[in-house]
Every structure is written in C-alpha cells, then in structure tokens.
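Coordinate analysis (summary)
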Amino acid sequence: EPGPADLVGALSEAFGKYPHKRAAHPKGVCVTGVFTPSKEAPGLSKAPQFSKPVPVIGRFSLAGGNPEAPDNDKGNPKGLALRFDLGDGASTDLVTISAPVFVANTPQAFLDLLTAVTSGDADKVKAFFDAHPESKSQGTWLNARPLPASYAGVNYWGVHAFTLTNADGEETVAKFKLLPSSGEITLTDAEAEAKGPNFLADEITARLAKDPARFDVVAIIGQEGDPTDDATALWDEDNREKVSLGEVSIEAIAPEATCDAFSFLPANVADGVAGPTNDPIFAIRSSAYIVSFTRRVAP
Ligand code: HEM
C-alpha cells in the first residue's frame, strides 16, 4: 500500500508542482466566522463546540491540484474546511467537499487514478474507471447537478462516517453535512460557461461584504448496514434521520496567510467525535496533509 508521501508526490505529478501551494485544493479563499451549536447537539456529542459558540477559521477551495483550476468545471468538487477554535490552543477540524463521496476508496486506488491521469493517456484513465466502478460515483453525482453559483450556495459533506459520543457515553454513527441556509444557488450550463474560470472568489467577497454566509451543520444518522469503511459509497441520506448540530456563520474574508499558516486535518477531532477506524482513505488523509504542509512551508 502507498504511504502519504507517495500520494502527495502523485498529486504533484498529476497536477504539476507549484512551490508553496497545497498539493490539493491550492485555489481557495480563507474566511472567518462563528459556529453556534443547536440545543440538540450535546445530546449527540460531548465535543466542546457542541455546547458553546466558538470562533471558526474556514477555507473554501476547488479540489484537484491545479492553482488555476477553472471555477466552472462541474466535475471538480468545491471544498470547505473548518477549524473550530476551542480555546487554549485547542481546535477541532471538519474538512468537507461538495459531494457525498470521494473518488477512491483505498490509497492504492487513488494512486492508480493519479498515475493514470499523469500518463496523459485517456485510455489509461478509462481503464482505471472500468476496473473501479465505485470510483465513478463522485463524477456521476457531480455531473448530474448544476454548477454552484457561489461557494456559499452548495451543500458540503464530511464524506466519512464519524462516531459521536455524548456525555452519557452513548454512541451514534453519523455523517456531517453542511447546508447553505439560503438554499442552493446554481447556474445553468450556459450561465456557467459565461461566468468563466474565476468568479467564485469575487462572488464570495462581494457576498460577505453584505451578509454572512450561513450553513446548517447536520448529522445524518447511520443505520445498521450503512458502510463506514468506503468513501465512495453513498448512504441513502434522504431516508436517514437528520439532527441539526448548529449553524456556522461565515462572516469575513481573511488574509490567505491565516489559512496557509496551518493545515486543516481531518483527524483533528475533539473528544466526543471520532473518525472511522476502518476507512483507509480517512486513515491516510491527515498524514498526507502534513506532508503537503511541510513541503509548502519549506523555504
Ligand atoms: C487519500 C485521499 C486524500 C488525499 C491524499 C488528500 C490530500 C490532500 C492534500 C495533500 C491537501 C493539502 C493539505 C495542505 O497542504 O494543507 C488536501 C486538502 C484538502 N482536502 Fe484532501 N485528500 C484526500 C481526500 C479528501 C477527502 C475524502 C476530502 C473530503 C471529505 C478532502 C477534502 C479536502 C479539502 C477540502 C482540502 C482543502 C483544505 C484547505 O482548504 O486547506 N480530501 N487534501
């Protein structure tokens, strides 16, 4: 099985080497805000952010590894990474994308996909997807939906199955979803074409100058048999119980340096939230992010 540095290296081979940029999601906008938990949240998790309002640093981004990636490419998900400030230097992170699934369910499969992309040979990319039908679910899902008109107008998912533990020790398996309070804001294909490749940063800047962008943070409650080990597997979320955990209000643009000074880490969770122990994508992500961080802050 490949290690974290193999995947970061493969991302740079596939998308190009850009010094001081993230190996993935290099194009983005840093923001600040506040998270206010719901009354129901402590019933699911004893994590500190679910019992009192906390400041948040966030970053909207585009997936892939190209800092010039076009904003109007339907197949490329958006990212929203959140760091909740728990005080005394402690924090907890939630790193999400605008699709309920990832593009690979093992590090080896992700490496194979990146290697196929690097070859520049469309037949090799096709052969990868033929051998990995599960890896088609993300693209199928994204291409079946309109392009978001705003970073603040799309749903985001934590993708992995987390275990929430409350003060009584009761455990609930759930997936995190962020829903824009104003609803989804979308573009037709023609509008997306006309918008061009660089509208999202200006759009969110203008939006936040007027009003905060609010997201409802929801726990989708897993049922017996829902996969917890497969980042490409959809849950039947329309038929799952949902509990609102609170609202994140994104209030201002922050300097890029604020987000570049650290790395959001999927495994940085507070007591009361635990990542899956059996999902090999979750297992490798945080160490890959640290490899990318170490490289991009090196002189
Ligand atoms: C093996 C699978 C994955 C690998 C190797 C990987 C790798 C990376 C790397 C290297 C970065 C840059 C980190 C930094 O320099 O700070 C990154 C950022 C990011 N990843 Fe992943 N990732 C994977 C899976 C995922 C999944 C499943 C999601 C969604 C749930 C996701 C969402 C994001 C987001 C939103 C960012 C941007 C964070 C920011 O704005 O700083 N990634 N990823």
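Residues numbered from 1 in each chain as written. Predicted model: local features only at pLDDT ≥ 70, side-chain atom pairs only at ≥ 80, totals over all residues. Heavy atoms only, no water.

Remarks on the overall build of the chain
On a plain count of helices and strands, the chain comes out with nine helices and 12 strands. A globule of 299 residues ought to have a C-alpha radius of gyration of about 19 Å, and the chain, at 18 Å, matches this closely. Expressed along its principal axes, the backbone C-alpha trace of the chain runs to roughly 55 × 45 × 45 Å. A total of 299 residues make up the chain; the buried ones form 51% of that total. The contacts in the chain between residues at least 6 apart in sequence include a share of 77% that link residues at least 24 apart. Counting 26 positive and 40 negative side-chain charges, the chain places the centres of these two groups 4 Å from one another. (Helix = DSSP H or I, 4+ residues; strand = E, 2+ residues; numbered from the N terminus. Rg over C-alpha atoms; globule rule 2.2 N^0.38 Å. Buried < 20%, exposed > 50% of the residue type's maximum accessible area, 1.4 Å probe, protein only. Contact = heavy atoms within 4.5 Å. Lys, Arg positive; Asp, Glu negative; His and termini not counted. Charge placed at Lys NZ, Arg CZ, Asp CG, Glu CD.)

Describing the side chain of R22
With respect to the helices and strands, R22 occurs in the loop between α1 (4-15) and β1 (28-37). Within polar-contact distance, the side chain of R22 engages the backbone oxygen of C259 at 3.2 Å. A polar contact of 2.8 Å, which involves the side chain of R22, links it to the side chain of D260. The residues contacting R22, other than those within four sequence positions of it, are R59, C259, D260, S292 and R296. (Polar contact = N/O pair within 3.5 Å; in protein donor to acceptor, adjacent residues only side chain to side chain.)

Comments concerning unusual backbone geometry
Even without being glycine, H25 reaches a positive phi, approximately 60 degrees. By the element assignment, H25 lies in the loop between α1 and β1. With a phi angle near 65 degrees, V159 is a residue other than glycine that sits in the positive phi range. Turning to its location among the elements, V159 is positioned in the loop between β6 (156-157) and β7 (162-165).

Some remarks on the site of the ligand
Neighbouring the ligand are 26 residues, the closest being R22, R59, Y289, S292 and R296. Separating an oxygen atom of the ligand from a side-chain N or O atom of S263 is a distance of 2.8 Å. Elements represented by at least two residues in the shell around the ligand include exactly β2 (54-62), β3 (78-87), β4 (90-97) and α9 (280-297). With eight residues, the single largest contributor to the shell around the ligand is α9. (Near = heavy atom within 4 Å.)

Some thoughts on the coordination of the iron atom of the ligand
With respect to protein ligation, the iron atom of the ligand binds only Y289 (OH), at 2.0 Å. Inspection of the secondary structure assignment puts Y289 in helix α9. (Donors = N, O, S within 2.8 Å, 3.2 Å for Na, K, Ca; no water.)

Quick word on the packing of aromatic side chains
Think of a pair of aromatic rings as described by two things: how far the centres are apart, and how the planes are tilted against each other in angle. This model, assessed by the stated rule, comprises 12 aromatic pairs. Here F128 and F129 contribute two aromatic rings whose centre-to-centre distance is 5.2 Å and whose plane-to-plane angle is 85 degrees, an arrangement assigned as edge-to-face. Judged by relative accessible area, which is 21%, F129 ranks as partly exposed. Here the aromatic rings of F162 and F282 are separated by 5.7 Å at their centres, their planes lie at 85 degrees, and the arrangement is edge-to-face. Placement of the pair is F162 in strand β7 and F282 in helix α9, with a sequence separation of 120 residues. Taken as a pair, F162 and F282 share a single burial class, namely buried. Here a set of aromatic residues connected by ring pairs shows up, and it is made of F60, Y151, Y156 and F215. When the ring centre of W141 is taken as reference, the NZ or CZ atom of R145 above it lies at 3.9 Å. (Phe/Tyr/Trp six-rings, centres within 6.5 Å; stacked < 30°, edge-to-face > 60°. Lys NZ or Arg CZ within 6 Å of the ring centre and 35° of its normal.)

So, the environment of L265
Relative to the helices and strands, L265 resides in the loop between α8 (256-260) and β12 (273-274). When the C-alpha atoms of L265 and L94 are compared, they prove to be 7.7 Å apart, with 171 residues separating the residues in sequence. In this view, L265 contacts R83, D93, V95, S286, Y289 and I290; residues no more than four positions away in its chain are not counted.

A short note on the packing of α1 against helix α3 (residues 107-119)
Between two packed helices, the angle of one axis relative to the other and the distance separating the axes together describe the packing. Where α1 meets α3, the closest approach of the two axes is 8 Å, and the angle between their N-to-C directions is 25 degrees. It follows that α1 is roughly parallel to α3 by the angle criterion. The handedness of the crossing between α1 and α3 is left-handed. Counted together, D6, L7, A10, L11, E13, A14 and F15 of α1 and P107, F110, L111, L114, V117 and T118 of α3 form the full contact between these two elements. Looking at side-chain class alone, the contact of α1 with α3 contains 10 nonpolar, one polar and two charged residues. (Axes fitted to C-alpha atoms, helices over the stretch in contact; angles between N-to-C directions. Parallel < 35°, antiparallel > 145°, perpendicular 65-115°, else oblique. Left-handed = near helix turned anticlockwise from the far one by under 90°. Nonpolar A, V, L, I, M, F, W, Y, C, P; charged D, E, K, R; others polar.)

Some points on the nonpolar core
With 46 residues, the main nonpolar core has F60, F215 and I250 as its most contacted residues. Setting aside anything within four residues of it in sequence, one finds F60 in contact with K27, G28, V29, V31, G79, L80, Y151, Y156, I204, F215 and I250. (Core = buried A, V, L, I, M, F, W, Y, C linked by side-chain atoms within 4.5 Å.)

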